[in-house]
Amino acid sequence: MVSTIPQDHLPSRVCYSCVFRWLLFWHQFAELVLIKSLHKRIMQFSGIVSMSTGCFLFTGNHDMVINISGLLAIPAFAGTFTGLYKIK
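Since the model is a prediction, treat every value here as computed from it, not as a measurement.

**Student:** How do you make sense of helix 3 (residues 62–87) when you look at a structure like this?
**Tutor:** An α-helical turn contains 3.6 residues, so a residue and the one three or four places further along point in the same direction. With 26 residues, helix 3 extends 36 Å between its outermost C-alpha atoms, agreeing within 8% with the 38 Å of an ideal straight helix rising 1.5 Å per residue. Where helix 3 bends most, the angle comes to about 35 degrees, and this point is Ala73, followed within four residues by the proline Pro75. Those residues of helix 3 lying buried are Val65, Ser69, Ala73, Ala76, Gly79, Thr80 and Gly83.

**Student:** I keep staring at the side chain of Thr80 and nothing clicks. Help me out?
**Tutor:** Among the secondary structure elements, Thr80 is positioned in helix 3. Residue classification places Thr80 among the buried positions, given a relative accessible area of 9%. A polar side-chain atom of Thr80 sits 2.8 Å from the main-chain carbonyl oxygen of Ala76. Not counting residues within four places of it along the chain, the set of residues in contact with Thr80 comprises Trp26, Phe29 and Met43.

**Student:** I would appreciate a short explanation of the packing of aromatic side chains in the present structure.
**Tutor:** Think of a pair of aromatic rings as described by two things: how far the centres are apart, and how the planes are tilted against each other in angle. Evaluated as defined, the whole model comprises 4 aromatic pairs. Residues Phe25 and Phe29 carry aromatic rings whose centres are separated by 5.3 Å and whose planes lie at 15 degrees to one another, so their mutual orientation is stacked. Residue Phe25 and its partner Phe29 are located together in helix 1 (residues 10–32), separated by 4 residues, close to a single helical turn. The partly exposed category is assigned to Phe25, whose relative accessible area is 34%. Residue Phe29 is classed as buried on the basis of its relative accessible area, which comes to 15%. Seen in terms of ring centroids, Phe77 and Phe81 are 6.4 Å apart; in terms of plane orientation they differ by 20 degrees. Their pairing is stacked. In this pair, Phe77 and Phe81 are both assigned in helix 3, 4 residues apart and thus about one turn of the helix distant. The exposed category is assigned to Phe81, whose relative accessible area is 58%. A network of ring pairs unites the aromatic residues Phe25, Trp26, Phe29, Phe77 and Phe81 as a single cluster.

What counts and how
- Residues numbered from 1 in each chain as written.
- Predicted model: local features only at pLDDT ≥ 70, side-chain atom pairs only at ≥ 80, totals over all residues.
- Heavy atoms only, no water.
- Helix = DSSP H or I, 4+ residues; strand = E, 2+ residues; numbered from the N terminus.
- Expected span 1.5 Å × (residues − 1).
- Bend = angle between axes of the 7 residues up to and from the residue.
- Buried < 20%, exposed > 50% of the residue type's maximum accessible area, 1.4 Å probe, protein only.
- Polar contact = N/O pair within 3.5 Å; in protein donor to acceptor, adjacent residues only side chain to side chain.
- Contact = heavy atoms within 4.5 Å.
- Phe/Tyr/Trp six-rings, centres within 6.5 Å; stacked < 30°, edge-to-face > 60°.

In structure tokens:
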């Protein structure tokens, strides 16, 4: 029996599934940390946009996508560490 999922589309489906879960993480985690509302929104936005760029990892511009995603993740991680420190 032949598989119904084309094998060339399988990595992209797995990537989109993982990216969607990380998008939800950044959206929900920002509500849990004890930082100002503006900083929460910046953390949510930068985390969501950073994870959204992960969909482009399978393109020919892999190195550029990694750099852009990393730069966008800096505010998200800064907010995460600040919020976790305040919870402690």
